[in-house]
Amino acid sequence: DDAVRRVLRVKVACGLLRRAAASTPAGGDAAAAASRCPLFDAAVPPMGDAACVGCEAHRAAARRAVAKSCVLLVNEGGLLPLPAGEGGRPAAELLVTGIAADSLGRQCGGWSLEWQGCEGNAFTTGTTIADAIRAVQPGARLVSGRAAGRQATDGRTAHGHARTRTRTHTQAYARAHAHAHARAHAHARARGHSHAATCAPGPAPRLRLTTCLPQDVDGLAWLLAHAPLSFPQAPSAGAASRPVAVVVTGEAPYAEGFGDVEELRLPPADVRAAVALADAGWAVVLLLVTGRPLLLPPPLLSRVAAVLVAWLPGTEGDGVADVLFGRAPATGRLSFSWPHAMDQAAAAARLKGPLFPFGHGLQTRAVG
């Protein structure tokens, strides 16, 4: 109860419950009024109704919450919102790539279905960011984050661009459970602990590229030279507007100490992809799926046209697409300052000279 009171005090102080309080008549139903607070633009079923967990009304509210929480850090030349096109035809060439573009696991993060979270799309129902983008612009090309720069396809992912559904919840949980325990075992063994003596057996954890991105120009040039990518040149003739590449990147799921890192770095493969696309003539939108600020090295920041932080949008990737295409305005602001370098990892070190200050957030208007 004490924890709930603290949360409610903050919401009252921020004015989130003001509309509900004003619309509650004397002796009225406060719970019903609370369902009409600014986050819930329409009444939703009672939260105590277990049968409605994950129902469309709740997902619609979650989608609005995702859109409201996105923070636009950079928007050169007013690139966002992107044109959605008419009659099913794309308004501009659009390419989507990045390790987090087609992953509900990365969108949900840790403490979701499993303690350490899950990779991939098999563990829950939802819409990935790539699928949400292609629901608006079906002609968008998806370049797999696992083979970025090697293969571009126009087809849909295996699960289509609707909601991804697990075969059964039991199978999904067993898979996620085994994966999380395997990750914990490997982590403990690397640190010299004997954590996994009682862990359930599971598949070996997936290997992840952990090479840190050098922050200087020479370091970035080294990455490009040693792992070049081959993206198509941006189309010029006949393009209705500037071709756009959305690079969806961020962190792997984690919880507690398993998320401890030495450097707040972006995945190097996605950095290479963003740079290669920019150098090939694409306007690059860097879309961050993360629970904490990640460093944006100057060679990367100078190349991208827009940076949008989606945080951990969970199952509702449509909320991110709403902001990208202007169906919802970008209104979010940073609740902390964004570090310029690792020596500003501690919040106190960002009082002077952060990359983006507390409260920063560019605004856009909804279109249509």
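Refer to the structure presented above.
Residues numbered from 1 in each chain as written. Predicted model: local features only at pLDDT ≥ 70, side-chain atom pairs only at ≥ 80, totals over all residues. Heavy atoms only, no water.

The residue Lys352 is located in the segment after α11 (318-324) in this model. Residues Lys352 and Ser337, 15 residues apart in the sequence, show an inter-C-alpha distance of 9.7 Å. (Helix = DSSP H or I, 4+ residues; strand = E, 2+ residues; numbered from the N terminus.)

As a further point, take the pairing of strand β7 (residues 306-309). Side chains Ala306 and Leu308 project from β7 onto one buried face, and the interleaved Val307 and Val309 project onto a second face that is buried too. Relative to β7, strand β1 (residues 71-75) runs antiparallel, the two being bridged by 4 bridges. Bridge pairing in β7 links Asn75 to Ala306. Note: strand β6 (residues 283-289) against β7, 4 bridges, orientation parallel. Note on β7: the bridge partner recorded for Leu288 is Val309. (Buried < 20%, exposed > 50% of the residue type's maximum accessible area, 1.4 Å probe, protein only. Pairing = 2+ DSSP bridges.)

We now examine the packing of aromatic side chains. For the structure shown, the criterion picks out 4 aromatic pairs. Between Trp115 and Phe258, the ring centres sit 5.0 Å apart and the planes meet at 85 degrees, which makes this aromatic pair edge-to-face. Residue Trp115 is located in the loop between α5 (104-108) and α6 (129-136), and its partner Phe258 is located in the loop between β5 (244-250) and α9 (268-279); the two are separated by 143 residues in the primary sequence. Residue Trp115 is classed as partly exposed on the basis of its relative accessible area, which comes to 28%. Owing to a relative accessible area of 23%, Phe258 belongs among the partly exposed residues under this scheme. Clustering of aromatic rings is evident, with ring pairs tying together Trp311, Phe336 and Trp338. (Phe/Tyr/Trp six-rings, centres within 6.5 Å; stacked < 30°, edge-to-face > 60°.)

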